[in-house]
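Chain and residue survey
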Amino acid sequence: MSNNDVIKVSGLTKKFGHFTAVDHISFDVKEGEIFGFLGANGAGKTTAIQMLCGISKPTAGKGTVAGYDILRENEKIKRNIGYMSQKFSLYEDLRVWENIRLFGGIYGLNDKQIADKTEELLTRLKFEDQRNAMVRSLPLGWKQKLAFSVAIFHTPKIVFLDEPTGGVDPAMRRQFWEMIYEAADQGITVFVTTHYMDEAEYCNRVSIMVDGRIDALDSPSALKQQYDAVNMDQVFRKLARKSTRAE
Amino acid sequence: MKQFFAFVKKEFYHILRDGRTMLILLGMPVVQILLFGFAINMDVQHIRTAVYDPSQDETSRQIVQRITANPYFDMQGEVYSMQEIQDLLRRGDIDMAVVFDEAFQTNLVHSGKSQIQIITDASDPNLGTISTNYVLAIIGQYQQEMMGLTGIPYQIDIKSKLLYNPEMISAYTFVPGIMGLVLMIICAIMTSISIVREKERGTMEVLLASPLRPATVLISKTIPYLTLSFVNLISILLLAVFVLHVPIQGNLLLLIAVSILFIFLALALGLLISTLVRTQVTAILIAGLGLMMPTLILSGMIFPIGNMPQPLQWLSALVPARWYIAAVKKIMIEGLGFIYVIKEVSILVGMSVFLIVFSIFNIKTRLE
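Residues numbered from 1 in each chain as written. Chains lettered and ligands numbered in written order. Predicted model: local features only at pLDDT ≥ 70, side-chain atom pairs only at ≥ 80, totals over all residues. Heavy atoms only, no water.

Glancing now at the overall build of chain B. When helices and strands are counted, chain B shows 14 helices and four strands. Burial statistics for chain B: of 368 residues in total, 49% are counted as buried. Taking as baseline every contact in chain B between residues at least 6 positions apart, the subset at least 24 positions apart corresponds to 76%. As presented, chain B carries roughly 17,900 Å² of accessible surface, and 65% of it is formed by carbon and sulfur atoms. (Helix = DSSP H or I, 4+ residues; strand = E, 2+ residues; numbered from the N terminus. Buried < 20%, exposed > 50% of the residue type's maximum accessible area, 1.4 Å probe, protein only. Contact = heavy atoms within 4.5 Å. Areas by Shrake-Rupley, 256 points an atom, 1.4 Å probe, with all protein chains shown as cover.)

Right, dumping it as structure tokens:
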């Protein structure tokens, strides 16, 4: 294991009563990597992400995120990560700049930093005219771009994206992935879950979860070769077939 | 601290930008005070009354005169048969008829007994009972005066129930009740809704993944409602004093202090509810049905606790508003000092401590 692993977990497990949502998963993610975290609905992706973000306490297992222990140092982890949830995660009844300022403030940026970075962000997204718009009035694709920009506003070491492109049209998804690449170029590690197998191809490495376990983990090309598939969709189907868990 | 203020500011935006809710929250106490103070008045006025007096003697005349002179009655005039009374009542032209014995005075003087029949439209039972009581009181008073003059003890024993001025009593009873109800609704219901809303929309997850402490999130959510309920408290008191003319007999500071205690309790209750439920609808149902109904029915605001069956009396002891309303009545209406409300205050303090401890215990700092 090299020193630039920003996420390192082994035997991570989460049980709810008798149900094992996440079953002894182990993996590591390198700095600056775009790591795809795939799996069918109910495979345990969201639970795993919540443990990594320090929102949910693991039942068993250990690991570090951004160099901090997930069992004991979750407050420190929270300062060094960004999180964009499955549900849309900005406040609809706040203006664009108010959302940016709120989250900037929550992550402890000072007023000057917030003001400078807000300008930069709005320019980059070509959102200057929407500065005062209520978030609820924006189209979904724009909201998601904004939510992503807000999640990386404080330049975290890692950003966790839980199905960030759900319900967005292909053109918008394409633009969204360009933003993800830009973030990765800046050195932000991207940990992303998705349903869309074409998106899996954009990742440096992907893991595929089936019934709470990680059944495959490698680069998309290696996985395709291993499973004798033409694309990630076939790889996924071959693995998902083994699932015994009802949706 | 900066995080905290940024977050409190955001909460104020949520409330201020939701114009309709804002209007309801600020308008509710005003409307309730005016409704309870004026429309829902236990005191009955303008009782349209007719008289059937076949005896036409001095005593019956005097009684009729007294009824006519009483401001609660609108005398509609005399009728000359029972049939006429029936018709008038059925058409809804009168609310009450007073019928005298055929030889009213003769009977009274000779046998010491005489009869008056009071017929009321009891389709509204409350109105029927109250107007009957008024007439009984008037006659009773007249009887006593007669007895004083003649010294003859008449046998008709009428209990006077008109011991008070009903108009004043209504407002006196309702103002503390409305204070309890409004503060409970705003603090408990609104706080729990605003927290659960974040859970429902997914923003709570983002907040939990941020360096904000869950306690900071929850406390900053209560601040705007604390402010709002304070505004409401002041507006209720102003309306009570200047519109309903309910004076504040006791110490204003003590009254405000007890109210703030109750506000804290209600906020704690709101926090507790928010830790137990996941959707706004459940929060509204639990807070609405679980808090509003008991506050309305079991707090003594409308129905006297002493008249309830024993099990309900025990149950009412669990309703925080009961103790708050009792304390407010003592301080505001009866003008009593702190030592007289120690019992209520200690119960409210005990309840608040319990609720706060219990909700802290319940707050899930990490999502399951």
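Having put the structure on the table, let's press on.
Structurally, chain B comprises domain 1 (2-40 + 166-362) and domain 2 (47-150). Averaged C-alpha coordinates put domain 1 of chain B and domain 2 of chain B at centres separated by 47 Å. (Domains from an automatic or database assignment.)

What follows concerns the sheet that holds strand β10 (residues 213-218) of chain A. Residues and elements named next belong to chain A. Pairing within the open sheet is mixed, and its six strands lie in the order β6-β7-β8-β3-β9-β10. Edge strands, defined here as strands with exactly one partner in the open sheet, are β6 (81-84) and β10. Going from strand to strand, the sheet's axes swing by 15° on average, the running direction of each strand aside. (Pairing = 2+ DSSP bridges. Axes fitted to C-alpha atoms, helices over the stretch in contact; angles between N-to-C directions.)

Residues and elements named next belong to chain A. The residue Lys8 is located in strand β1 (residues 5-16) in this model. What makes Lys8 partly exposed here is its relative accessible area of 31%. As for Lys8 and Thr64, which are separated by 56 residues in sequence, their C-alpha atoms are 5.3 Å apart.

Residue and element names in this part refer to chain B. In space, the four strands of this open sheet follow the order β2-β1-β3-β4, with mixed pairing throughout. With one partner strand each, in any of the chains shown, β2 (73-79) and β4 (116-120) form the two edges of the open sheet. Strand-to-strand twist across the sheet, computed as the mean angle between neighbouring axes with direction ignored, equals 20°. Along the sheet face, helix α3 (residues 58-69) touches β1 (47-52), β2, β3 (96-100) and β4 and points at about 145° away from the line of β2.

Further remarks concern the interface of chain A and chain B. Taken together, the contact pairs 36 residues of chain A with 28 residues of chain B. Taken together, the two surfaces of chain A and chain B that pack against each other cover about 2,800 Å², and 54% of this comes from carbon and sulfur. Taken as a group, Ile55, Tyr91 and Ile106 of chain A account for 23% of the area that chain A buries against chain B, more than any other trio of residues on that side. Put simply, chain A and chain B have one salt bridge between them. Among the ionic pairs, Arg17 of chain B bridges to Glu98 of chain A, the shortest N-O distance being 2.7 Å. Across the chain A-chain B interface, the total number found is eight residue pairs in polar contact (both at pLDDT 80 or more). (Buried area = accessible area lost by both parts, 1.4 Å probe. Salt bridge = Lys/Arg side-chain N within 4 Å of Asp/Glu carboxyl O. Polar contact = N/O pair within 3.5 Å; in protein donor to acceptor, adjacent residues only side chain to side chain.)

Counting across every chain of the model gives 16 aromatic pairs over all chains. On the basis of an interplanar angle of 25° and a centroid distance of 5.0 Å, the ring pair of Phe127 of chain A and Trp142 of chain A is categorised as stacked. In this pair, Phe127 of chain A sits in the loop between α4 (111-125) and α5 (140-151) while Trp142 of chain A sits in helix α5, placing the two residues 15 residues apart along the sequence. For Phe127 of chain A, a relative accessible area of 2% corresponds to the buried category. Relative to Tyr324 of chain B, the ring of Phe262 of chain B lies with its centre 4.2 Å away and its plane at 5°, an arrangement referred to as stacked. Here Phe262 of chain B, found in helix α10 (residues 252-276), pairs with Tyr324 of chain B, found in helix α13 (residues 320-333); they are 62 residues apart in sequence, far enough to count as distant. As far as burial versus exposure is concerned, Phe262 of chain B and Tyr324 of chain B are alike and both buried. The rings of Phe27, Phe35, Phe37, Phe160 and Phe191 of chain A are connected pair by pair, giving a single aromatic cluster. The ring centre of Tyr196 of chain A lies 3.6 Å from the NZ or CZ of Arg173 of chain A, which sits over that ring. (Phe/Tyr/Trp six-rings, centres within 6.5 Å; stacked < 30°, edge-to-face > 60°. Lys NZ or Arg CZ within 6 Å of the ring centre and 35° of its normal.)

Where helix α3 (residues 96-106) of chain A contacts helix α1 (residues 2-17) of chain B, the axes come no closer than 8 Å and their chain directions differ by 150°. Classified by the interaxial angle, the pair formed by α3 of chain A and α1 of chain B is roughly antiparallel. In the crossing of α3 of chain A with α1 of chain B, the sense of the turn from one axis to the other is left-handed. Note on element contacts: α1 of chain B touches α3 of chain A through Gln3, Ala6, Phe7, Lys9, Lys10, Tyr13 and Arg17 of chain B, opposite Glu98, Arg101, Leu102, Gly105 and Ile106 of chain A. (Parallel < 35°, antiparallel > 145°, perpendicular 65-115°, else oblique. Left-handed = near helix turned anticlockwise from the far one by under 90°.)

For the rest of this paragraph, the subject is the pattern of salt bridges. A side chain with one charge can pair with a side chain of the opposite charge if their charged atoms come near. Taken as a whole, this structure holds 23 salt bridges over all chains when the rule is applied. Where Glu73 of chain A meets Lys76 of chain A, a salt bridge forms, and the shortest distance between an N and an O atom there is 3.8 Å. What makes Glu73 of chain A partly exposed here is its relative accessible area of 25%. Taking relative accessible area as the criterion, Lys76 of chain A reaches 44% and is therefore assigned partly exposed. The salt bridge partner of Arg91 of chain B is Asp93 of chain B, with a shortest N-O separation of 3.1 Å. For Asp93 of chain B, a relative accessible area of 33% gives the class partly exposed. Here the salt bridges share partners, and the residues they tie into one network are Lys10, Glu11, Glu198 and Lys221 of chain B.

Time to look at the pairing of strand β3 (residues 34-39) of chain A. Residues and elements named next belong to chain A. With six of six residues buried, β3 is to be regarded as a mostly interior element. Of the two faces of β3, the one lined by Ile34, Gly36 and Leu38 and the one lined by Phe35, Phe37 and Gly39 are each fully buried. Pairing of β3 with strand β8 (residues 189-194) involves five bridges; the strand directions are parallel. Within β8, the position partnered with Ile34 by the bridge is Val190.

Bringing the environment of Gln141 of chain B into the picture now. Note that Gln141 of chain B resides in helix α6 (residues 125-150). Sequence separation between Gln141 of chain B and Ile260 of chain B is 119 residues; the distance between their C-alpha atoms is 47 Å.

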